[in-house]
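Structural overview
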Amino acid sequence: MSTGIKNLVQTLDSVDFLKMDRRTFMKAVGFLGASTFLSSFQTEIVNALEFAETKIVWLHGSECTGCSESLLNAANPDILQALTKLNVNLAYHETLLAQQGIWVDNKLANTSELNSEILLDDLIKEGNYILVVEGAIPNGPNGSGRYLVLGNKPFKDIVGEAAKNANAILAVGACACWGGITSAKSAVVQETDYRGTAFLKTDASKGILSELNIDKPVINIAGCPPHPDWILLTLGAVILGKIRIPDDLPDILDQYHRPKVFYPPDHVVHDNCPRRGYYDQGLFEDQAGGPYCLWKLGCKAPYAHGDCAIRKWNNSLSVCTQAGPCSACVEPGWPDSSRPLYVESEGKGVLLGENVGTIAKVAVGAAAVAAGVHAVRRMKGE
Amino acid sequence: MVNVTIDPLTRIEGHQRVSTEVGADGVITDAQSSSLMFRGFERILQNQDPRDAAILVQRICGVCPISHCLAATNALDNLYGVAEHVPKDALVTRNIFQALNTIASHATHIYVLWGPDLANPAYRNVLATLKDTGNAIWKEMVGRFAPISYKIDGIPIPAGTSYLAAIPEKKRLQEAIAIIGGRMPGPVTPYPGGYFYKPTVADVVKISSYYLQVMDFVSKYTLQVPFDAWIANTYKASSPKKAVNFVVEHLQGLINKSLSTNDFSREAGWGDVEFYAAFGSQLVGETLLHLPASLKHDSIGGYSDPSKINFLSYGGFYKPENGDGYNPSSPAGDRFLTSGIVTGKLEHKDFDPSKVTESIAHSFYENNDNLPPAKGETVPFTDPGKIVYDQGPNSRYSWDKAPRYDGIPCEVGPLARMLAIKEPLVTGLALAFHENGYSAANVYTRMMARMQETTIIANELLKWVTVDFDPKGKIAVPLDLSKANDSHGMGLWEAPRGALGHWVSTDSKGKVGTYQCIVPGTWNMSPRDSAGIPGPLEQSLVGSKISAVGNALGVDYSNPVGIFHIGRSYDPCISCAVHTIDLTGKNAPRALRIL
């Protein structure tokens, strides 16, 4: 490692990165990536010999496993290296672990080494874990939660029990954050009544935890799916005590409880889009397959508060707007907030559904609004 | 009779319950398969722009989003009247897109989801009875396939070497997809009329180099026969018998070297495929190769009545040699992996989409029964007290419906596809089992078919990338949006897990009226139908022994590793099976529709 990099690592090491201002953070992570961050964490781990194992209980609700898939795509370090470096014990994860629920004549059988139901019960009783929720939680039908039942128990109740004893709670992905696609507008959504962990769309009073009268802070790692760095770096910060829960949360989270460092209020994907040069020249595509700006084909990058275009995806190889239109999947209420996906949005209520006034006031950074207006003007030839 | 229930069946995609009745001899006499989740986003596409479908349906399944977006894109090609004009290079790009996902999905299933059961302590106990040879076999099984966070008798077991090596390869394949998809999961490039992004020469070179790295993993861990020799002597063998003989002779050579030394390591030539091919099957391992023991996976997960099962493929991957365009109805011969029906007695028939119906007689719905999917209805139970799973085989017990082809349940997936294309090795194995008193389909042939399909698609992928794709070619034809007014489309495709169909129709304003999917998990994991015929998984459990190696050490109800193997051998995707989007019955407010 060069001296310059070493100095930078030391600097980073001494900073609570979730509290960094965006420019410093972007510069640092853009250069060095998650790898160096976690290496610096490791230095800290070596220095603090007593650094204890952290258990993670990862629950799957109604979901597509895309968030776990995305986490498995973590690069430099990959997921297995990261778990080792952070001394994480992924104690429960339905898709990865050896165990399954085993019932013999309706009684739990075997031990926690093979039986996932016993394992989960034990873990919840012991407490002292970080809870990660992937997937939405059905409250329906009629408040019963029986649209998802696991081991004869509504998933809603499992989340409640696990949340009560958790040291920290992360909602990973749009579904766990605010209902995601299962809460999208449809003729039946009232009956299924899907909820996020702490939110329903933009409403912080309608998460499943409120329904269960559990008052605990939840960090929302938004996106459909989220970038693996967003998940790993947040977990890293929580595990290493770089953020105190709940004291530090008001400073580092935005109004939708997303870490501002990854979902910057004053920065959108459009700012660093690889097609930005064409936008500035007023060159737009109106059919698929060309290289120009995709605004007219419905690209929502001007409304997407994410660092995607800087961080890039899949080992920093690409980003959505390199290949096609952004759908702003990091925003609460996605996909309703972005539909229709292939129609230009012209700055009207795209972000939050109905209420244009709210967007202008609180949700969209001034830059994003300006970008939208600018694009509309260009297209009108002004 | 003892009830042994697995709830939840983990290491699958989604949430599934398997309930069995087991006799004192450890043989399953009855089984029920239940999908435990009703996701209910069925109507989100209704009254919306149909083009959104190809993006949103990816959220049905994050493991195989490419399959869903391409099935949707096929349906939209048909809806906009452009299927016959999609440029050849867009078809090749879609093939590359799907092939990378299929290989990644199969690798994930083999190593991360299914493989860990080979490290079940029951095998240690059985193999210990074979002294040194048995212990050496166990050492390979636990050393290669153990999952993370694993313990036996309180002692932490390190994750297996193959398991650990496979995860970065899966990641690499996802990266290759991102090169032409923007990101993975959640790519943004499927689009009717072609493909949203035109790959560059640099992209093609990058994908090729990713491919070579993945093949390094294959030659180091998976298959020790040189890849080209394997393809030439199995997939391209002149007869099923020759393909099987090639494999048996290769394995015999390894055994001759290893039995005296008890060295079954990779260094001794035992790739994961060789290892499982020899030790997985009683017929291959014990009868043909005279091994002292096998896992007997060919004696579990089979069908006892061949008249009650078909193998179905809708046809997957376009044929670039046909030039621009394709036939949306996927007649035999239109796709690289051709469509077809193979009966339980291994007779081949052409596939006719009009013979598909769905029963809800044992599912949590209140609507009419046995309707063709395009006219289907689904009115779910909204009374929480009725959503129960323990009332026996005559009750309603699943969110899955029961699709049937001409009234017969169908297994879909790699085994069905390999049989449909008459792939020599898999066909040869199936015939050998069939002729020797085993079920042609069983846990062993299902896994061997998945492994073999992976090699075939990898082989074809290289051709698509390096030979068929022309970076100077056309990538899309313009879309006339007005063509979606009062139109309809059908998208038939093959997901890694099996036959996948999407159907869409639109209203006079070009908005979605109905949208419907029938997916692999619905076929494989289905409950009973109105005639009382159990679904494929249910059939394949009955008659199987629950404990390791044919109950070799007696019956252990508390560790029914046979059920784990059988359930997971189908690579179940329950999110797919119950999340599906289906928007008919648009004026009935309580008519939630799923499949």
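Since the structure is predicted, the reported quantities are computational estimates derived from the model, not experimental observations. (Residues numbered from 1 in each chain as written. Chains lettered and ligands numbered in written order. Predicted model: local features only at pLDDT ≥ 70, side-chain atom pairs only at ≥ 80, totals over all residues. Heavy atoms only, no water.)

1. A word on the environment of B:I475
The line we're drawing: Secondary structure is summarised from DSSP: a helix means a run of H or I of at least four residues, a strand means a run of E of at least two, and numbering begins at the N terminus for each. Burial classes follow relative accessibility: with a 1.4 Å probe on protein chains only, a residue under 20% of its type's maximum area counts as buried, one over 50% as exposed, and anything between as partly exposed. Note on contacts: a residue pair qualifies if any of its non-hydrogen atoms lie within 4.5 Å across the two residues.
Relative to the helices and strands, B:I475 is located in the loop between α14 (443–468) and β16 (488–495). Assessed through its relative accessible area of 6%, B:I475 is described here as buried. Apart from the residues lying within four places of it in its own chain, the contact partners of B:I475 are A:G289, B:P87, B:D89, B:A90, B:T93, B:G193, B:G194, B:Y195, B:Y197, B:K198 and B:P199.

2. Observations regarding the interface of chain B and chain A
Definition in use: When two components associate, each loses some accessible surface as probed by a 1.4 Å sphere; the sum of these losses over both components is called the buried area. The working definition used for a salt bridge is a side-chain nitrogen of Lys or Arg within 4 Å of a carboxyl oxygen of Asp or Glu. Under this definition, polar contacts are N or O atom pairs within 3.5 Å; protein pairs additionally need one hydrogen-donor-capable and one acceptor-capable atom, and for neighbouring residues in sequence, both atoms have to be side-chain atoms.
The interface of chain B with chain A comprises 94 residues on the first partner and 83 residues on the second. On the chain B side of the contact with chain A, B:R39, B:R183 and B:F196 bury the most area, a combined 10% of that side's loss. Taken together, chain B and chain A are joined by 1 salt bridge. Linking A:E69 and B:K170 is a salt bridge whose minimum nitrogen-to-oxygen distance equals 2.7 Å. At the boundary of chain B with chain A, the tally comes to 40 residue pairs in polar contact (both at pLDDT 80 or more).

3. A closer look at the side chain of B:E494
Residues and elements named next belong to chain B. Mapped onto the elements, E494 comes out in strand β16. At a separation of 2.6 Å, a polar atom in the side chain of E494 contacts the main-chain amide nitrogen of Y314. A polar contact is formed between the side chain of E494 and the backbone nitrogen of A499, at a distance of 3.3 Å. Apart from the residues lying within four places of it in its own chain, the contact partners of E494 are Q98, S313, Y314, G315, G316, R417 and A499.

4. What about the environment of A:I221?
Residue and element names in this part refer to chain A. By secondary structure assignment, the location of I221 is in strand β11 (residues 219–221). When its relative accessible area of 0% is taken as the criterion, I221 is described as buried. With 36 residues separating them along the chain, I221 and H257 place their C-alpha atoms 8.3 Å apart. Ignoring any residue separated from it by four or fewer positions in sequence, one finds I221 in contact with L170, A171, V172, G173, C177, P226, W230, I231, T234, P259 and Y263.

5. Focus: α14(B)
This is how it is decided: In this analysis, the expected span of each helix is defined as 1.5 Å times one less than the number of residues it contains.
Across its 26 residues, α14(B) extends 36 Å between first and last C-alpha, which sits within 8% of the 38 Å expected from 1.5 Å per residue. Here α14(B) lies mainly inside the structure; 22 of its 26 residues are buried.

6. Observations concerning the confidence of the model for chain A
The condition is simple: pLDDT runs from 0 to 100 and stands for how confident the predictor is about each residue.
With 77% of its residues at a pLDDT of 70 or more, chain A shows a mean pLDDT of 82. Counting interchain partners and residues more than four positions distant, the pLDDT-below-50 stretch residues 4–20 of chain A has 36 contacts.

7. Observations concerning the environment of A:V188
You can see A:V188 is positioned in the loop between α7 (174–178) and α8 (189–192). In this structure the C-alpha to C-alpha distance between A:V188 and A:L297, which are 109 residues apart in sequence, comes to 29 Å.

8. Quick notes on the side chain of B:R450
All names here are of chain B. The line we're drawing: Charged-residue counts in this description rest on Lys and Arg as positive and Asp and Glu as negative, His and the chain ends being excluded.
With respect to the helices and strands, the residue R450 is situated in helix α14. Buried within the structure, R450 lacks any salt-bridge partner; its nearest side chain of opposite charge belongs to D571, at an N-O separation of 4.2 Å. Residues in contact with R450, not counting those within four places in the same chain, are H106, H109, I110, P414, S569, Y570 and D571.

9. Some thoughts on the sheet that holds strand β4 (residues 107–108) of chain A
What counts is decided by this rule: If DSSP finds at least two bridges between two strands, the strands pair. Whenever a helix is involved, its axis is fitted only over the stretch in contact; in every case the axis is a line through C-alpha atoms, and angles between N-to-C directions fall within 0 to 180 degrees.
With antiparallel pairing, 5 strands are arranged side by side in an open sheet as β4(A)-β3(A)-β1(B)-β2(B)-β3(B). The open sheet is flanked by β4 of chain A together with β3 (28–35) of chain B, the only strands paired with a single partner. Relative to strand β2 (residues 16–22) of chain B, strand β1 (residues 2–6) of chain B runs antiparallel, the two being bridged by 5 bridges. Across the sheet, B:V2 pairs through a bridge with B:V22, a residue of β2(B). Of the strands in this sheet, β3 (102–104) of chain A together with β1, β2 and β3 of chain B touch helix α18 (residues 561–569) of chain B, which is tilted by about 45 degrees from β1(B).

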